[in-house]
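# Observations on the three-dimensional arrangement
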Amino acid sequence: MKQARQIAGHLLEVKAVRLQPEEPFTWASGLKSPIYCDNRVVLSFPAIRKEVIAAFVDLSSRFGELDGIAGVATAGIAHGALLAEQLNLPFIYIRSKAKAHGRQNQIEGQLLAGGRYLVIEDLISTGGSVLQACAALSAAGGVVAGVGAIFTYEFDRAAHAFEEAGINYATLSQYSVLIEQAKSQGYITEEQAITLQNWRRDPAAWSTQFANV
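Quick summary incoming for the structure in this document. (Residues numbered from 1 in each chain as written. Predicted model: local features only at pLDDT ≥ 70, side-chain atom pairs only at ≥ 80, totals over all residues. Heavy atoms only, no water.)

### Considering the layout of surface pockets
Within this model, the largest pocket holds a volume of roughly 830 Å³. Lining the largest pocket are 38 residues, and of these Trp-27, Leu-123, Ser-125, Thr-126 and Tyr-153 sit closest to its centre. Classifying every residue of the lining of the largest pocket by side-chain character gives 16 nonpolar, 12 polar and 10 charged. Approximately 170 Å³ is the volume found for the second largest pocket. (1 Å grid on protein atoms, 1.4 Å probe; cavity = no way out; pocket = protein on both sides within 12 Å on 5 of 7 lines; lining within 4 Å. Points joined across faces, edges and corners; volume = space filled by probe spheres on them. Nonpolar A, V, L, I, M, F, W, Y, C, P; charged D, E, K, R; others polar.)

The structure is reproduced here in structure tokens:
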């Protein structure tokens, strides 16, 4: 839990996570959200970047013997490659869909048939994109050892999706820890924390209050 709090603190510090309960962001889906997360920002801060990768090294030990690391394009590529370097393992990355030209690859790099890969993503929201990547890896002959990510919104929908897929996952930090950390560090008030907690429980219902804004 200490590590999760430290990572959450760093995400807030470098504004990889932004909290705006009164002026919510609009997601691609159209939903309004009081939080925006872009963990690629971490890459611009060497000390924090090293801490994140060290945490990923610790996390990777939960998934047993690994033959490689697979990054999910695009946000998981850099973190996955850095982790593979630390573990001295092969690295590949997985596109959301196959290229329309050239060799029409969906998986870039040399896939080891039957190899066990830890799939790395920067953020888990519903779990849809990373589970699609896992399906592509399996279809190509790889074995998904599990999924690792920097942060999760802790949506029930994501937990159910991973359970249905039979895939284990773990993250360096999570929404509930980040909200507590933001409150303790003075980023948000108690009232704002309640708003943020309400959003996580039902994002769609929370968004309706901004329908005419």
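### Regarding the packing of aromatic side chains
For any two aromatic rings, the description comes down to two numbers: the centre-to-centre distance and the angle of the planes. Under the criterion given, the structure shown has 10 aromatic pairs. Arranged with centres 5.8 Å apart and planes meeting at 85°, the rings of Phe-151 and Tyr-153 form a pair that is edge-to-face. Summarising the burial analysis for this pair, Phe-151 and Tyr-153 share the class buried. Members of the aromatic cluster, joined through ring pairs, are Trp-27, Phe-151, Tyr-153, Phe-155, Tyr-175 and Trp-199. (Phe/Tyr/Trp six-rings, centres within 6.5 Å; stacked < 30°, edge-to-face > 60°. Buried < 20%, exposed > 50% of the residue type's maximum accessible area, 1.4 Å probe, protein only.)

### Overview of unusual backbone geometry
Of the consecutive residues Ala-73 and Thr-74, the connecting peptide bond is found in the cis state with omega at -5°. Within the secondary structure layout, Thr-74 lies in the loop between β5 (68–72) and α3 (75–87). Look at Lys-15: it is not a glycine, yet its phi comes out positive at around 65°. Relative to the elements of secondary structure, Lys-15 occurs in the loop between α1 (2–13) and β1 (17–19). Its relative accessible area of 47% is what places Lys-15 among the partly exposed residues. Phi is positive for Glu-154, which is not a glycine, with a value near 65°. You can see Glu-154 is positioned in the loop between β9 (143–152) and α5 (156–165). Relative accessible area serves as the criterion here: at 27%, Glu-154 is assigned to the partly exposed category. (Helix = DSSP H or I, 4+ residues; strand = E, 2+ residues; numbered from the N terminus.)

### Remarks on the state of the cysteines
Each disulfide consists of a covalent bond between the sulfur atoms of two cysteine residues. In total, this model carries 0 disulfides according to the counting rule given. Free of any disulfide, Cys-37 has its nearest cysteine sulfur in Cys-134, 19 Å distant. We classify Cys-37 as buried; its relative accessible area is 8%. (Disulfide = S-S within 2.5 Å.)

### Quick look at the packing of helix α2 (residues 46–60) against α3
Axis separation between α2 and α3 bottoms out at 10 Å; the angle between their running directions is 65°. Taken as axis vectors, α2 and α3 run roughly perpendicular relative to one another. Relative to α3, α2 is oriented so that their crossing is right-handed. Counting all contacts with α2, which are made through Arg-49, Val-52, Ile-53, Phe-56, Val-57 and Ser-60, the residues of α3 involved are His-79, Leu-82, Leu-83, Gln-86 and Leu-87. Its residues assigned to classes, the contact of α2 with α3 comprises 7 nonpolar, 3 polar and 1 charged. (Axes fitted to C-alpha atoms, helices over the stretch in contact; angles between N-to-C directions. Parallel < 35°, antiparallel > 145°, perpendicular 65-115°, else oblique. Left-handed = near helix turned anticlockwise from the far one by under 90°. Contact = heavy atoms within 4.5 Å.)

### Regarding the pairing of strand β8 (residues 116–124)
Put simply, side chains in a regular strand alternate between the two faces of the sheet. With 8 of 9 residues buried, β8 lies mostly within the body of the structure. Summarising the sheet, β5 and β8 pair through 4 bridges and their orientation is parallel. Residue pairing across strands places Gly-71 opposite Ile-120, the latter belonging to β8. Across 8 bridges, β8 lies against β9 in parallel orientation. Counted as the bridge partner of Tyr-117 is Val-144 from β9. Following the backbone out of β8, through helix α4 (residues 128–139) and into the adjacent parallel β9, one traces a crossover that is right-handed. (Pairing = 2+ DSSP bridges. Right-handed = clockwise from strand over helix to strand, strands pointing away.)

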